[in-house]
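So you can see what is in the structure, the chains are spelled out below.
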Amino acid sequence: MANTVFCKKYQKEMEGLERAPLPGAKGQEVLENVSKQAWLEWQALQTMIINEKHLNLMQPDTRKYLLEQMDKFFNNEETDRLQGYVDPGDIQEL
């Protein structure tokens, strides 16, 4: 049976992750408070941020920045915008 959590992004009970996606306390916090759907959406946004901003994940400042953006995302706060990115839901047919 799937694990369920009260997702802090969507404010409702949803399917949770099977295991902590990060090490330590932060991983446990995500496991207990973030749905699988929200985590997958974060991973997609994180990939776009890394690629757009040409981030080097070997840099401690980069990892700190991504954790800050992740917290904003899960708390429904505005994350850094990606230059030139248009959400497909915002595109209107001509």
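Refer to the structure above for everything that follows.
Participant: Hey, could you run me through the overall build of the chain in this one?
Facilitator: Helix and strand counts for the chain stand at three helices and two strands. Counting from the amino terminus, helix and strand elements in the chain follow one another as β-β-α-α-α. Looking at the 94 residues of the chain, the share that counts as buried comes to 28%. A separation threshold of at least 6 residues defines the contact pool for the chain, and within that pool the share at least 24 residues apart is 44%.

Participant: Before we go on, may I ask you to explain the pairing of strand β2 (residues 12–15) in this structure?
Facilitator: Note on strand geometry: in a regular strand, side chains alternate between the two faces of the sheet. Inspection of the sheet shows strand β1 (residues 4–7) paired to β2 by four bridges, in the antiparallel sense. Within the sheet, the bridge partner assigned to Phe 6 lies in β2 and is Glu 13.

Participant: Would you mind going over the nonpolar core with me for this structure?
Facilitator: Where a protein is soluble and globular, its nonpolar side chains tend to be buried together. Formed by 18 residues in total, the largest nonpolar core has its most connected members in Trp 39, Trp 42, Ile 49 and Phe 74. The set of elements that each furnish at least two residues to this core consists of α1 (24–33), α2 (36–53) and α3 (60–74). Element by element, the count of residues in this core is highest for α2, at six residues. Aside from chain neighbours lying at most four places away, what touches Trp 39 is Leu 17, Pro 21, Leu 22, Val 30, Val 34, Met 70 and Phe 74.

Calculation notes
Residues numbered from 1 in each chain as written. Predicted model: local features only at pLDDT ≥ 70, side-chain atom pairs only at ≥ 80, totals over all residues. Heavy atoms only, no water. Helix = DSSP H or I, 4+ residues; strand = E, 2+ residues; numbered from the N terminus. Buried < 20%, exposed > 50% of the residue type's maximum accessible area, 1.4 Å probe, protein only. Contact = heavy atoms within 4.5 Å. Pairing = 2+ DSSP bridges. Core = buried A, V, L, I, M, F, W, Y, C linked by side-chain atoms within 4.5 Å.

Shape descriptors only; they carry no functional weight alone.
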